[in-house]
Amino acid sequence: MSKFDPAEIPLSGINLVEASAGTGKTYAISSLYVRLLVETRLAVKEILVVTFTNAATDELNRRIRKRIKEALDAFSANGSSDPFLEKLNQNTEDKETAKRCLLNAIRGFDEAAIFTIHGFCLRMLSDYAFESCSLFDTDLIEDNTKFMQEIVNDFWRNHAYSASPNFIHYVSSKLKFLTLSSIVRHCMGNPFLVVKEAEEKNIHN
């Protein structure tokens, strides 16, 4: 396993990075973002950054914007005390173009594509509503516990209220609401699951 270096890692292909908390993941992401701006001359709206939580998204927005500003200052001063920015400055031949790309990135940073995973999915469903056959006002629910409980309650009302007392006693002792909710969660996690009615077996004496 090689040590991760944001200044040397290839910008193309797929790279898997293993890192625990507090090891500088945000620093690495913001540094790679700057390299993409300088070396590939992509616009901020052409670089996608996806993370898990809203708090992480806000932090990445702040840190990436700050990193772009630091890179612009490094190119303007032709040097930096930051090892990554110093190496980037030395490896970049056309510094004027690099400064122009970084300045444009700061000016257009409101277009930066930095999302949570569910936020990105919602954006794609909205932008490509016709292709995905989804509604324009589609909303993603992060916690569907309330809706699953409604499914369990509806099932209980439809099938249990009119049943015999013996059946209700049996089901109440064997199949709790929590168990029903667990079954619903399992089914929702398997969209191709098929429920088949059990076949009757003939018993011959």
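Residues numbered from 1 in each chain as written. Predicted model: local features only at pLDDT ≥ 70, side-chain atom pairs only at ≥ 80, totals over all residues. Heavy atoms only, no water.

Q: I'd like to hear about the packing of aromatic side chains, residue by residue, with values.
A: Under the defined criterion, the tally for this structure stands at one aromatic pair. Pairing Phe-115 with Phe-120 gives two aromatic rings, centres 6.1 Å apart and planes at 45°, and the pair type is tilted. We classify Phe-115 as buried; its relative accessible area is 18%. (Phe/Tyr/Trp six-rings, centres within 6.5 Å; stacked < 30°, edge-to-face > 60°. Buried < 20%, exposed > 50% of the residue type's maximum accessible area, 1.4 Å probe, protein only.)

Q: Report on a nonpolar patch on the surface, specifying residues and quantitative values.
A: Taken together, the side chains of Leu-48, Val-50, Phe-52 and Ile-117 define a hydrophobic patch exposed on the protein surface, amounting to about 400 Å² of accessible area. Note on placement: Val-50 falls in strand E1 (residues 48-51). Judged by its relative accessible area of 40%, Val-50 falls in the partly exposed class. (Patch = residues over 30% accessible without salt bridge, like charges linked within 9 Å, V, L, I, M, F, W, Y side chains within 5 Å. Areas by Shrake-Rupley, 256 points an atom, 1.4 Å probe, with all protein chains shown as cover. Salt bridge = Lys/Arg side-chain N within 4 Å of Asp/Glu carboxyl O. Helix = DSSP H or I, 4+ residues; strand = E, 2+ residues; numbered from the N terminus.)

Q: Tell me about the packing of helix H2 (residues 54-77) against helix H3 (residues 83-91), residues and numbers included.
A: Where H2 contacts H3, the axes come no closer than 10 Å and their chain directions differ by 50°. Comparing the axis directions of H2 and H3 gives the class oblique. Helix-helix and strand crossings are classified by hand; for H2 and H3 the assignment is right-handed. Judged by residue contacts, Arg-67, Glu-70, Ala-71, Ala-74 and Phe-75 of H2 engage Phe-84, Leu-85, Leu-88 and Asn-89 from H3. Counted by class, the contact of H2 with H3 contains six nonpolar, one polar and two charged residues. (Axes fitted to C-alpha atoms, helices over the stretch in contact; angles between N-to-C directions. Parallel < 35°, antiparallel > 145°, perpendicular 65-115°, else oblique. Left-handed = near helix turned anticlockwise from the far one by under 90°. Contact = heavy atoms within 4.5 Å. Nonpolar A, V, L, I, M, F, W, Y, C, P; charged D, E, K, R; others polar.)

Q: Mind laying out the side chain of Thr-51, listing which residues take part and the relevant values?
A: On the secondary structure map, Thr-51 appears in strand E1. If we ignore the near neighbours within four places in the chain, the residues touching Thr-51 are Ala-56, Thr-57, Leu-60, Phe-115, Thr-116 and Ile-117.

Q: Before we move on, could you go through helix H1 (residues 25-40) and cite the residues and values that matter?
A: With 16 residues, H1 extends 21 Å from end C-alpha to end C-alpha; this agrees with the ideal 22 Å at 1.5 Å per step. Among all positions of H1, only Ala-28, Ser-30, Ser-31, Tyr-33, Val-34, Arg-35, Leu-36, Leu-37 and Val-38 are buried. Those residues of H1 that are buried are in contact with E1, H2, H3 and helix H4 (95-107). Looking one or two places after H1, you find Arg-41, whose phi comes out positive at around 60°. (Expected span 1.5 Å × (residues − 1).)

Q: Go over the environment of Arg-65 with me, naming the residues and quoting the values.
A: Inspection of the secondary structure puts Arg-65 in helix H2. Among the residues examined, Arg-65 registers a relative accessible area of 38% and is labelled partly exposed. In the structure, Arg-65 is positioned 41 residues away from Ile-106 in sequence and 6.8 Å away in space, judged by C-alpha atoms. Those residues within four positions of Arg-65 in sequence are excluded, and the remaining contacts are Ile-106 and Phe-109.

Q: So, the pattern of salt bridges: which residues are in play, and what are the values?
A: Within the structure shown, the criterion is met by eleven salt bridges. Taking the shortest distance from any N to any O, the salt bridge between Glu-8 and Lys-87 comes out at 3.6 Å. Taken together, the positions of Glu-8 in the segment before H1 and Lys-87 in helix H3 put the pair 79 residues apart, joining distant regions of the chain. The partly exposed category is assigned to Lys-87, whose relative accessible area is 29%. With its nearest N and O atoms 3.2 Å apart, the salt bridge here joins Lys-99 to Glu-96. Separated by three residues within a single helix, Lys-99 and Glu-96 lie in helix H4, roughly one turn from each other. Given the relative accessible area of 21%, Lys-99 is considered partly exposed.

All quantities given are derived from atomic positions and should not be read as evidence of function.
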